[in-house]
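Examination of the molecular architecture
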Amino acid sequence: MASSPARHAPPAPRPAAPILRLEGVHTHVGPYHILHGVDFEVPSGGLTMLLGRNGAGKTTTLRTIMGLWPASKGRITFEGQDITARPTPDIARAGIGYVPESMGIFADLTVRENLILAARSGPLDNTRLDWIFSLFPALKRFWALPAGQLSGGQKQMLAISRALAEPRRLLLIDEPTKGLAPVIVRNMIEAFQALKAAGETILLVEQNFYAASQLGDSVLVMDDGRIVHAGAMRDLVADAGLQQRLLGLSLDTHQ
Amino acid sequence: MTATAAPSPPTELPKPKTDWVPILLVPALMVLALPFFGDPSAWVTLTLAGLAMGMMVFLMASGLTLVFGLMDVINFGHGVFISLGAYAALLVLGPLASWGQADSVLLNLGLLAACIVVAALVTGAVGAVFERVIVRPVYGSHLKQILVTMGGLIVAEQAIHAIWGASPIPVALPQTFRGAFVLGDIVMERYRVAAVVIGLAVYALMHLVLNRTRIGLIIRAGVENPEMVEALGYRIRRLFVGVFVAGSALAGLGGVMWGFYRQTLTAGMGMEVMVLVFIVIIVGGLGSIGGCFVGALLVALVANYVGFLAPKLALVSNILVMALVLVWRPQGLFPVARR
């Protein structure tokens, strides 16, 4: 895999200062109180997994960070700046790339147009594009095709590539392996390993614990709208009892 | 412009599939109608008249489909921008009346162009106020949108009465557009030919803007998934206002063309054509400019043919077209992928 054309320095030891911090974040969606005081930090560099059962509040957490469902209480800071009440476009412009669970690709636009749109600050950089193609070669082949005609896995590759179309400080990615065939999941894991090697900072929501165990540096576990565990991924992987208690599963059953 | 090429284009590109069937419906309809006419010249005359009518309806409807597609706003007030555009042309037709009577093609064309520009400016400006005062507070609620835009329509119609009076106002076509081209038995009204040319030009321009510019790309993406467009860093609220203003200006342009065609202006002339406009945008697929274009031609051609062959069915022909299209494609001829 090629290295990222921007900020491609290999992941040298980084300062421990968090790039993203949530403090006591509550979110209401209509009449429902989904997040009940979420506190966590995402360190700069590396991949942080956000795990939890269905309905734990993982997707809501990402949407709240992006300002799509504004926090009703609490504070979100990104690189020291308070982004809690900022509109979504401003949060994106601050350097956060977002891949929603639904992928959010523009089906009527071609693969090329999807990527052009994602490179908001200027024309697509060819070096960057080559790097994206090295991660997801299928996109080069389907370059001129409307994105709606891609397979599920290819759509997911496009959704992630869109977040990479210009340099971002942080990537929020929601369940990228959901509904994908095992072979595509394997490709995804490789692509994320390449992204980690390229020094990207990623907050990744994942249901597939096997994929999570292969990728995560640190891990956050949510339950009922709160963070119930934060630590190193390798500790969670090594402790079947903890997995069972936090997630109701163990890695053995997932492999 | 956004012309960024792949670094090294792949040799074997899968071809995007173009949906030809709805596009071919228009020529197919023309060919199928031919045997029903004993006299081919009547068929040609009615076909040309239908195409011209379709272009005018397209001009009036294109703004509405874009506003609905991008903003999810049902604007029942759209009709008043058609009326207002036609009345705004009076601002030019008064002072420049001599241009219309002059025996100069250039001056006549200049007058029509001036009418269109002034109408687009006036309706665009009023559209900006309409969006801010009437539409913005009701984003997200279709029922409130219908009620409040209908209210806005009534107020605006009465404002037209207050400014220009309640009596119908006759307008004269510039000299060049009067009369018809006659080729044997075929009669083509000059003004209808002009309407076809202007309709095609506007469609081509909209096609270019939507498919070859970044702003067009954002609009097309916004029609599909406005939330994701915002998550990519684009301030879509500003785009909403811009599209509403453009949509209102297009309605004003359509209003000028429609006013000259009727040669009489009334405050309700926009509202009268709105049923047809709604049928066209539903037939075409809400939010699709190409669909609106094909839908307008289809509906107008059917109306013309049926009006000639079976006048008693003329009133229901539009509804019949809509029903048949929706049975075949429930989202319209060119469904726009949404959210």
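Residues numbered from 1 in each chain as written. Chains lettered and ligands numbered in written order. Predicted model: local features only at pLDDT ≥ 70, side-chain atom pairs only at ≥ 80, totals over all residues.

Description of the overall build of chain B
Assigned secondary structure in chain B consists of 14 helices and four strands. Scaling as 2.2 N^0.38, a compact globule of 339 residues should have a C-alpha radius of gyration of about 20 Å, and chain B matches this with 21 Å. Considered along the principal axes of its C-alpha atoms, chain B spans approximately 55 × 50 × 40 Å. Relative to its 339 residues, chain B shows a buried fraction of 47%. Sequence separation of at least 24 residues holds for 76% of the intrachain contacts in chain B that already meet a minimum separation of 6. (Helix = DSSP H or I, 4+ residues; strand = E, 2+ residues; numbered from the N terminus. Rg over C-alpha atoms; globule rule 2.2 N^0.38 Å. Buried ≥ 20, exposed ≤ 12 C-beta atoms within 10 Å, placed from the backbone. Contact = placed C-beta atoms within 7 Å.)

Observations concerning the overall build of chain A
The helix and strand inventory of chain A stands at 11 helices and 10 strands. Relative to a compact globule of 255 residues, whose C-alpha radius of gyration would be 18 Å, chain A shows 18 Å and is just as compact. In terms of its C-alpha atoms, chain A occupies a principal-axis envelope of roughly 45 × 40 × 40 Å. Per-residue burial over chain A gives 49% buried out of 255 residues.

Looking at the sheet that holds strand β1 (residues 18–29) of chain A
Residue and element names in this part refer to chain A. Read from one edge of the open sheet, four strands run β2-β1-β4-β5, paired in antiparallel fashion. Only two strands of the sheet have a single partner each, and these edge strands are β2 (32–43) and β5 (81–82). Pairing geometry for strand β4 (residues 73–78) and β5, over two bridges, is antiparallel. Bridge assignment links Thr77 to a residue of β5, and that residue is Asp82. (Pairing = 2+ DSSP bridges.)

Quick notes on the interface of chain A and chain B
Taken together, the contact between chain A and chain B spans 31 residues of the former and 24 residues of the latter. Only α2 (88–93), α3 (111–118), α4 (126–135) and α5 (137–141) of chain A provide two or more residues apiece to the side of chain A that touches chain B. Residue composition of the side of chain A that touches chain B, grouped by class: 19 nonpolar, five polar and seven charged. (Nonpolar A, V, L, I, M, F, W, Y, C, P; charged D, E, K, R; others polar.)

Quick look at the packing of helix α13 (residues 289–309) of chain B against helix α14 (residues 314–328) of chain B
Residues and elements named next belong to chain B. Where α13 meets α14, the closest approach of the two axes is 9 Å, and the angle between their N-to-C directions is 150 degrees. α14 is crossed by α13, and the crossing has right-handed handedness. Between α13 and α14, the contacting residues are Leu298, Val299, Val302, Ala303, Val306 and Gly307 on the first element and Ala314, Ser317, Asn318 and Val321 on the second. Looking at side-chain class alone, the contact of α13 with α14 contains seven nonpolar, three polar and no charged residues. (Axes fitted to C-alpha atoms, helices over the stretch in contact; angles between N-to-C directions. Left-handed = near helix turned anticlockwise from the far one by under 90°.)

Structural notes on the packing of helix α2 (residues 40–71) of chain B against helix α8 (residues 190–212) of chain B
Residues and elements named next belong to chain B. Their axes nearest at 8 Å, the elements α2 and α8 cross at an angle of 45 degrees. Looking at the two axes, α2 sits oblique to α8. Seen from above, α2 lies across α8 with left-handed handedness. Counting all contacts with α2, which are made through Leu48, Ala49, Leu51, Ala52, Met55, Met56, Phe58, Leu59 and Ser62, the residues of α8 involved are Arg192, Ala195, Val196, Gly199, Val202, Tyr203 and Met206. Of the residues belonging to the contact of α2 with α8, the class tally is 13 nonpolar, two polar and one charged. (Parallel < 35°, antiparallel > 145°, perpendicular 65-115°, else oblique.)

Observations concerning the pairing of strand β6 (residues 96–99) of chain A
All names here are of chain A. Because side chains alternate across β6, one face comprises the buried residues Ile96 and Tyr98, and the other comprises Gly97 and Val99, equally buried. Taken together, the four bridges between β6 and strand β7 (residues 170–174) define a ladder with parallel strand orientation. Bridging across to β7, Gly97 finds its partner in Leu171.

Looking at α3 of chain A
In terms of burial, α3 of chain A is largely enclosed, as eight of its eight residues are buried. All buried positions along α3 of chain A are accounted for by Val111, Arg112, Glu113, Asn114, Leu115, Ile116, Leu117 and Ala118 of chain A. On the buried face of α3 of chain A, the contacting elements are α5 and α6 (152–164) of chain A together with α9 (214–224) of chain B.

Notes on unusual backbone geometry
All names here are of chain A. Unusually for a residue other than glycine, Glu79 sits at a positive phi of about 50 degrees. Mapping Glu79 onto the fold places it in the loop between β4 and β5. Looking at Glu79, the number of C-beta atoms within 10 Å reads 16, which means it is partly exposed. Here the phi dihedral of Met103 falls at roughly 75 degrees; this positive angle occurs in a residue that is not glycine. In this structure, Met103 sits in the loop between β6 and α3. Its 22 C-beta neighbours within 10 Å are what place Met103 among the buried residues.

Quick look at the sheet that holds β6 of chain A
All names here are of chain A. One open sheet accounts for six strands, arranged β6-β7-β8-β3-β9-β10; its pairing is mixed. Two strands close off the open sheet at either side, each with one partner strand: β6 and β10 (226–232). Each strand of the sheet is rotated relative to its neighbour by a mean of 15 degrees, with strand direction disregarded. As paired elements, β7 and strand β8 (residues 201–205) share four bridges and run parallel to each other. Across the sheet, the residue bridging to Asp174 is Val205, located in β8. The strands touched by α6 within the sheet are β6 and β7, with β6 carrying the most contacts at an inclination of about 170 degrees.

A look at the nonpolar core
All names here are of chain B. Of all hydrophobic cores here, the largest spans 190 residues; its most connected members are Met56, Val57 and Val299. Broken down by element, the residue count for this core peaks at 17 residues, all from α2. Not counting chain neighbours up to four residues away, the residues in contact with Val299 comprise Val57, Leu276, Ile279, Val280, Val283, Asn318 and Val321. (Core = buried A, V, L, I, M, F, W, Y, C linked by C-beta atoms within 7 Å.)

Here we look at the pairing of β8 of chain A
The two faces of the sheet receive side chains in turn, since in a regular strand these alternate between them. Residue and element names in this part refer to chain A. Taking burial as the measure, the five residues of β8 include five buried ones, the bulk of the element. Burial along β8 is two-sided: Thr201, Leu203 and Val205 facing one way and Ile202 and Leu204 facing the other are all buried. The sheet contact formed by strand β3 (residues 46–52) and β8 spans five bridges and is parallel. Following the sheet pairing, Leu50 is matched in β8 by Val205. Read from β7 through helix α7 (residues 182–197) to β8, the crossover connection turns out right-handed. (Right-handed = clockwise from strand over helix to strand, strands pointing away.)

Focus: the confidence of the model for chain B
All names here are of chain B. Here chain B averages 89 in pLDDT, and 94% of its residues register 70 or above. Overall, residues 1–11 carries pLDDT values under 50, and its contacts beyond four positions in sequence, including any with other chains, amount to 17 contacts. Scoring of the predicted complex yields 0.82 for pTM and 0.88 for ipTM. (pLDDT = per-residue confidence, 0-100.)

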